[in-house]
Amino acid sequence: LTDKQIFILLDSPNAELIIRLNEEDREQVNVLRKFLLDHKKIDQDQLITFLYAIAKKPELPSTKNGIRQLHFFRNLYQLLFGRESGPRLAQFLLDADREKICELLDV
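Described below are features of the structure shown in this document. From a predicted model like this one, the values you see are computed outputs, not experimental measurements.

Helix and strand content of the protein chain: 6 helices and 0 strands. Order of helices (α) and strands (β) in the protein chain, N terminus to C terminus: α-α-α-α-α-α. Computed over C-alpha atoms, the radius of gyration of the protein chain comes to 14 Å, within 12% of the 13 Å expected from 2.2 N^0.38 for 107 residues, which places it in the range of a compact globule. Across the 107 residues of the protein chain, 39% fall into the buried class. Counting only contacts in the protein chain whose residues sit at least 6 apart along the sequence, the fraction spanning at least 24 positions is 67%. Surface exposure of the protein chain reaches about 7,100 Å², of which carbon and sulfur atoms provide 51%.

Next up on the list: the layout of surface pockets. When its volume is computed, the largest pocket comes out at roughly 190 Å³. By residue number, the principal contributor to the lining of the largest pocket is helix H3 (residues 44-54), which donates 4 residues. Its residues assigned to classes, the lining of the largest pocket shows 7 nonpolar, 2 polar and 1 charged.

For an α-helix, 3.6 residues make a turn, and residues three or four places apart therefore share a direction. Counted at 1.5 Å a residue, the expected span for helix H4 (residues 62-81) with its 20 residues is 28 Å, and the 27 Å between its end C-alpha atoms agrees. Inspection of H4 places Asn65, Arg68, Gln69, Phe72, Phe73, Asn75, Leu76, Tyr77, Gln78, Leu79, Leu80 and Phe81 among the buried residues, and these make up the whole buried set. Buried positions along H4 lie against helix H1 (15-18), helix H2 (23-38), H3, helix H5 (89-95) and helix H6 (98-104). Among the residues trailing H4, Gly82 stands out with phi positive, at a value near 70°.

Of all hydrophobic cores here, the largest spans 31 residues; its most connected members are Leu32, Leu51, Leu76, Leu80, Leu93, Ile101 and Leu105. Contributing elements (two or more residues each) for this core: H1, H2, H3, H4, H5 and H6. In terms of residue count, the dominant contributor to this core is H4 (7 residues). The residues contacting Leu80, other than those within four sequence positions of it, are Ile8, Leu9, Leu10, Leu89, Leu93, Ile101, Leu104 and Leu105.

Packing of H2 against H3 leaves a shortest axis separation of 10 Å and a crossing angle of 160°. Taken together, the axes of H2 and H3 are roughly antiparallel relative to one another. Two packed elements cross with a definite hand, and for H2 against H3 that hand is right-handed. Only Gln46, Leu47, Phe50, Leu51 and Ile54 of H3 make contact with H2, whose side of the interface consists of Gln28, Val31, Leu32 and Phe35. Partitioning the contact of H2 with H3 into residue classes produces 7 nonpolar, 2 polar and no charged.

Calculation notes
- Residues numbered from 1 in each chain as written.
- Predicted model: local features only at pLDDT ≥ 70, side-chain atom pairs only at ≥ 80, totals over all residues.
- Heavy atoms only, no water.
- Helix = DSSP H or I, 4+ residues; strand = E, 2+ residues; numbered from the N terminus.
- Rg over C-alpha atoms; globule rule 2.2 N^0.38 Å.
- Buried < 20%, exposed > 50% of the residue type's maximum accessible area, 1.4 Å probe, protein only.
- Contact = heavy atoms within 4.5 Å.
- Areas by Shrake-Rupley, 256 points an atom, 1.4 Å probe, with all protein chains shown as cover.
- 1 Å grid on protein atoms, 1.4 Å probe; cavity = no way out; pocket = protein on both sides within 12 Å on 5 of 7 lines; lining within 4 Å.
- Points joined across faces, edges and corners; volume = space filled by probe spheres on them.
- Nonpolar A, V, L, I, M, F, W, Y, C, P; charged D, E, K, R; others polar.
- Expected span 1.5 Å × (residues − 1).
- Core = buried A, V, L, I, M, F, W, Y, C linked by side-chain atoms within 4.5 Å.
- Axes fitted to C-alpha atoms, helices over the stretch in contact; angles between N-to-C directions.
- Parallel < 35°, antiparallel > 145°, perpendicular 65-115°, else oblique.
- Left-handed = near helix turned anticlockwise from the far one by under 90°.

What follows is the structure, given as C-alpha cells:
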C-alpha cells in the first residue's frame with residue numbers, strides 16, 4: 001500500500017482563479033509558461049532553481065520571499081489541479097504533457 005496521491009490536471013483553464021489574479025501573479029505564471037514553451041529539454045535542477053527564482057525579489061528577506069514563493073506555488077496548483085497543493089512541481093512539469101500544462105497556464 002502506498003501513500004502516493006494521484007493528481008489530475010484540470011480539463012480547462014481555471015477561469016475563476018484567472019480573473020482573481022493580480023498583474024504580478026499573471027506575470028509570474030507567464031514567465032513560467034514562456035520558459036516551458038521555449039525550453040524543450042530542461043534539467044530538473046535548472047527547473048527547480050527557476051521556479052523558486054520567479055517569485056523571489058533580491059531586496060526582500062528570505063521570510064518574505066518564502067511567502068511570495070508559497071503564494072506562487074499555490075497559484076500554480078490552483079491553475080493546474082484546482083487545489084491548494086500538489087506534487088513536487090519541477091518533476092511533475094517535466095513528466096506531464098507540456099502542451100496541456102501551457103494551456104492551463106495561459107493567463
